[in-house]
Amino acid sequence: MTSYKKQKLYTGAERAALYLYHRISPSGTDWIFHIIVKLSLLLVLLFIVDFAFKFIINFVFRLFHDEEKFPILKSIYQSKITNSAAHFAALILVGAVQGSIFPENALPKTTVFIIRCINLGLVLALAGMLYRSLTAFRNYFSIKQDFYKIMALNAISETVKILGLFIFTVVGICVIFGIKGTTIVGSLGAITAVLVLVFRDTILGFVTGLHVATSKNLKVGDWVSIPKYNIEGNITEINLLTTKITNFDKTVSTIPTYDLMTTEIKNMQVMSESNTRRIKKSIYFNINSFKFLTDEDIERLKEINLISDYLEERTTEIRKEKESLEHKDKIVNGRQLTNIGVFRYYAQMYIENDPDIDKNGTRMVRQLDITPQGLPLEVYCFTNDSQWVRFEQIQADIFDHLLVASKEFELQVMQVSVKV
């Protein structure tokens, strides 16, 4: 008896609601008016509940502001996952109470539409939580300063975003039109090959990102050189499809990410971290200016402090060796000092005594293969300062000195003569 009365009262409320809507809505547009009224009331309720949830959740997370003690909570708060969680909770609450506010039997034409709108909102809130969770991971690794994991996450996150966009689009269409997801997915089987072709660069970029992150050969901030593209600068961004490099001339170069696996890349970050930078530069000498040193030449060159002991020692050795030789007065018989050889030793001693050259790195002056332009004499060493401006100053000082000092050894530097 009691349940019957309750049912009668409930049916009476439904009838009253129907009567009210029919009285105030224009003729023939009852369902449109019903939807507008329902959505307006539900949106007001949603905004109030959402604001309350966001205030409470964010207030709690603000208490854990110390990123050193609570890096995970700080990362979640910075990525605004809490806002998406508040949206999701508010939608669930509004969806639960909308049936009590608007009896389903009273407005049968609009109830399904309202429910589908709420379900679509839940799908969008879940998508927001997924995307913001990727940002939370990136913030966490940034706090931990794990740059290789950040780079791997960049490759993964771009792939997850594309895949998530596809999945949530399918789910959204299913929610809006009330159809099964298997129907849409099944229809995509015929165009799988087309999708693979379209997302070729995406797949390659994803694989490259994982390879680079696991091999730890490159990371954002590294100083790299790519001879294929004539690029030298610092990596500023590694995305799923493109990698950005800021060149030293302040221009920005963009290359496909998959080129990081297929192209020669010189990572010179070690020089920057060790605060050293390589000098590898040559001077070309005219071969016709090479000669054996006479006794007068040797005596004159002994006045150069860096090679005086060397000349004394070598001339003594050569003199002893020639004592047992026939025709020892002939200059080509036996070993003999040359101006290019003594200059090479002088250049070696000069860089070894230069305070701006790294003492722990390789220091070498060597001859390269003879060319039509002459004999290259290469200086190979490392400066103890990796700053570009300072490096160029040190390198210029060394070669300024060696170019002028070569005149003391009667050597001729090769240069193209221009007829006027």
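In every chain, residue numbers begin from 1 and rise along the written sequence. Per-residue local features of the predicted model are confined to residues with pLDDT of at least 70, and side-chain atom pairs are confined, for both listing and counting, to 80 or more; whole-chain, interface and lining totals are unaffected and use all residues. Based on all heavy atoms of the structure, the side-chain values leave hydrogens and waters out of the count.

**Some details on the pairing of strand S3 (residues 242-247)**
Burial along S3 is one-sided: Thr243, Ile245 and Asn247 are buried, and none of Thr242, Lys244 and Thr246, which face the opposite way, are. Of the pairings in the sheet, the one linking strand S2 (residues 231-238) to S3 comprises five bridges and is antiparallel in character. Bridge pairing in S3 links Glu237 to Lys244. Strands are treated as partners if at least two bridges between them are detected by DSSP. Put simply, DSSP H or I for four residues or longer makes a helix, DSSP E for two residues or longer makes a strand, and each gets a number counted from the N terminus. One ladder, built from five bridges, connects S3 with strand S4 (residues 252-256); its direction is antiparallel. In the strand pairing of S4, Thr242 is matched with Pro256. Where S3 folds back on S4, the antiparallel hairpin that results is connected by four residues, among which Lys250 adopts a positive phi of roughly 75 degrees. To sort residues, take the accessible area from a 1.4 Å probe on protein chains only and compare it with the maximum for the residue type: under 20% means buried, over 50% means exposed, and anything in between is partly exposed.

**Quick word on a nonpolar patch on the surface**
A cluster of nonpolar side chains, contributed by Phe51, Phe55, Ile56, Phe59, Val60 and Leu63, occupies part of the molecular surface with about 650 Å² of accessible area. Positionally, Phe51 belongs in helix H2 (residues 30-62). A relative accessible area of 58% places Phe51 in the exposed class. Patch membership needs two things, relative accessible area over 30% and no salt bridge, and members are linked within 9 Å if like-charged or within 5 Å if nonpolar (Val, Leu, Ile, Met, Phe, Trp, Tyr). Here the open area of atoms and residues is found with the Shrake-Rupley method and a 1.4 Å probe, where only the protein chains shown may cover a residue. When a carboxyl oxygen of Asp or Glu is within 4 Å of a side-chain nitrogen of Lys or Arg, the pair counts as a salt bridge.

**What to know about the environment of Glu264**
Summarising the element assignment, Glu264 is placed in the loop between helix H10 (259-262) and strand S5 (266-267). Taking C-alpha positions, Glu264 is 7.2 Å from Pro227, a pair spaced 37 residues apart along the chain. By definition, residues are in contact when any of their heavy atoms lie within 4.5 Å. What Glu264 contacts, discounting residues up to four positions off in sequence, is Ser225, Ile226 and Pro227.

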